Amino acid sequence: MSAPHDTGGTVSAKAISAAPGQPDPSPELDQLYADFARNSTAPLWTQTNDLMPLIPKPAAVPHVWRWTELVDIARRAGDLVPVGRGGERRAIGLANPGLAPTAYITPTLWCAIQWLGPFETAPEHRHAQNAFRFVVEGEGVWTVVNGDPVRMSRGDLLLTPGWNFHGHHNDTDQPMAWIDGLDVPFVHDVDFGFFEFGSERVTDEASPPFSRSERLWAYPGLTPLSAQQPQVATPIAAYRWEHTDRALREQLALEDEGFPATVELGHAAIKYTNPTTGGDVLPTIRCEFHRLRAGARSELCREVGSSVWQVFEGSGAVTIDGERRELTKGDLFVLPSWAAWSLEATSEFDLFRFSDAPIVERLQFQRTYYPESSRLAPGSRG
């Protein structure tokens, strides 16, 4: 699903013959390779190193996007580019330099900063792709999902499962920016995509403090008897910051009291879950939140699958494949598959993360390795 590799269909017999174990060049061999190309075929022996590497060799590369710069270009786009039919959204994709010319941030994930100006409305539509929104700053926008208005506030995770109509409206005289995450590359590259236009505005322009989905579902450990069947995606439209913050704070407090609670010393983390299954909030995207104490460092790690992180609060650094990159509020970075990474916190360091882990795990390709301790995580394949 990454940028296509050379299939070898146009490789010359002379070039192949230079490799160990290959026959000497001859007119017959030249004709054979010409016929491979003419018949749209590609011999495996010209591709093996590319198709079956010893370890993952992603085309995607590690990269950092600075929030201050993203907000600046989004603001300028807000001044110059209207929102509405045509472009549908004033969303600016974070394009991985290794995956050009696509706007993919990884081979399976798409990420963008979206900007909605004062009193603007982004019209409704729906698509097969699963989506979420995460708010690092600001308030005043409601996203309307299948007619249910959902408040968007700082620290909130908002879910829009595939094929749900959705639009956004800004009730204030101030603009607002947030990040969108979708499985666009995965859905596009396997030809699963559908799209449909909806209302020119949103179907409900109310601005309640809590959505109907939250009023029904958002209670710890409690599910309504009126809806007991498992659902593919979470029925909760918004996961509020106050609950995320408290969960992380209590993990660190329990660690201080000598009880097991954190994933490693000084590192609290949660996974957002679907209350009907206990699994991920979306069938193709995992969402997590991490908090490191000031001075904490995470163990060096390699994982199959890709992820995108955004700093919510605090400052620190990420080291990816030996290169250290300083980070501050709002900055985003991408981890390609099998990149070696570690976090370190200068101050208390809060980060939101999303990944393609549900796809990886459902296909049984999961593998997490910690080089410093030479160990595989439980459940790893390998």
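So, a few notes on the structure that sits alongside this text. (Residues numbered from 1 in each chain as written. Predicted model: local features only at pLDDT ≥ 70, side-chain atom pairs only at ≥ 80, totals over all residues. Heavy atoms only, no water.)

1. Things to note about the overall build of the chain
The cut-off we apply is this: Starting at the N terminus, helices and strands are each numbered in turn, a helix being any DSSP run of H or I of at least four residues and a strand any DSSP run of E of at least two. Atoms considered for the radius of gyration are the C-alpha atoms alone. The globule rule reads 2.2 Å times the number of residues to the power 0.38. For the exposure calls, accessible area comes from a 1.4 Å probe over protein chains only, and a residue counts as buried if that area is under 20% of its type's maximum, exposed if over 50%, partly exposed in between. Contacts were defined at the residue level, with two residues in contact if any of their heavy atoms lie within 4.5 Å. None of His or the chain ends enter the tally, which takes Lys and Arg as positive and Asp and Glu as negative. Throughout, a charge is located at the NZ atom of Lys, the CZ atom of Arg, the CG atom of Asp or the CD atom of Glu.
A count of helical and extended segments in the chain gives 8 helices and 23 strands. A compact globule built from 382 residues would reach a C-alpha radius of gyration of about 21 Å, and the chain, at 23 Å, matches this within 12%. Oriented by its inertia axes, the alpha-carbon framework of the chain measures out at about 75 × 55 × 45 Å. Burial statistics for the chain: of 382 residues in total, 50% are counted as buried. For the chain, restricting intrachain contacts to residue pairs at least 6 apart in sequence, the fraction spanning at least 24 positions comes to 73%. Of note, the chain has its 33 positive side-chain charges centred 2 Å away from the centre of its 49 negative side-chain charges.

2. Remarks on the state of the cysteines
This is how the line gets drawn: Here, the term disulfide refers to a pair of cysteine sulfur atoms separated by no more than 2.5 Å.
Counted under the stated rule, the structure contains 0 disulfides. With no disulfide of its own, cysteine 287 lies closest to cysteine 111 among cysteine sulfurs, the gap being 11 Å. Cysteine cysteine 301 remains unbridged, with the sulfur of cysteine 287 as its closest cysteine sulfur at 18 Å.

3. A short note on the side chain of asparagine 274
The test is simple: By the criterion applied in these results, polar contacts are pairs of N or O atoms within 3.5 Å in which, for protein atoms, one can donate a hydrogen and the other can accept it, and in which residues neighboring in sequence qualify only through two side-chain atoms.
Assignment of secondary structure puts asparagine 274 in the loop between strand 13 (267–271) and strand 14 (286–292). Relative accessible area serves as the criterion here: at 0%, asparagine 274 is assigned to the buried category. Within polar-contact distance, the side chain of asparagine 274 engages the side chain of threonine 276 at 2.8 Å. Once you skip the residues sitting within four places of it in the chain, asparagine 274 turns out to touch Gln231, Val232, Ala233, Thr234, Pro235, Tyr239, Gly279, Asp280 and Val281.

4. Things to note about the pairing of strand 18 (residues 323–327)
Two faces make up the sheet, and in a regular strand the side chains alternate between them. Heads up, the rule is: Strand pairing requires that DSSP identify at least two bridges connecting the strands.
Sheet analysis places strand 17 (residues 316–320) next to strand 18, joined by 5 bridges and oriented antiparallel. Residue pairing in the sheet places alanine 317 in a bridge with glutamate 326 of strand 18. What sits between the antiparallel neighbours strand 17 and strand 18 is a turn of 2 residues, in which aspartate 321 has the positive phi angle 50°.

5. Section: the pairing of strand 3 (residues 110–116)
Counted residue by residue, strand 3 has 7 buried out of 7 residues, so it is predominantly covered. A two-sided burial pattern is seen for strand 3, the buried positions comprising Trp110, Ala112, Gln114 and Leu116 on one face and Cys111, Ile113 and Trp115 on the other. Relative to strand 3, strand 2 (residues 91–93) is paired through 3 bridges, and the arrangement is antiparallel. Across the sheet, residue alanine 91 finds its bridge partner in strand 3, namely glutamine 114.

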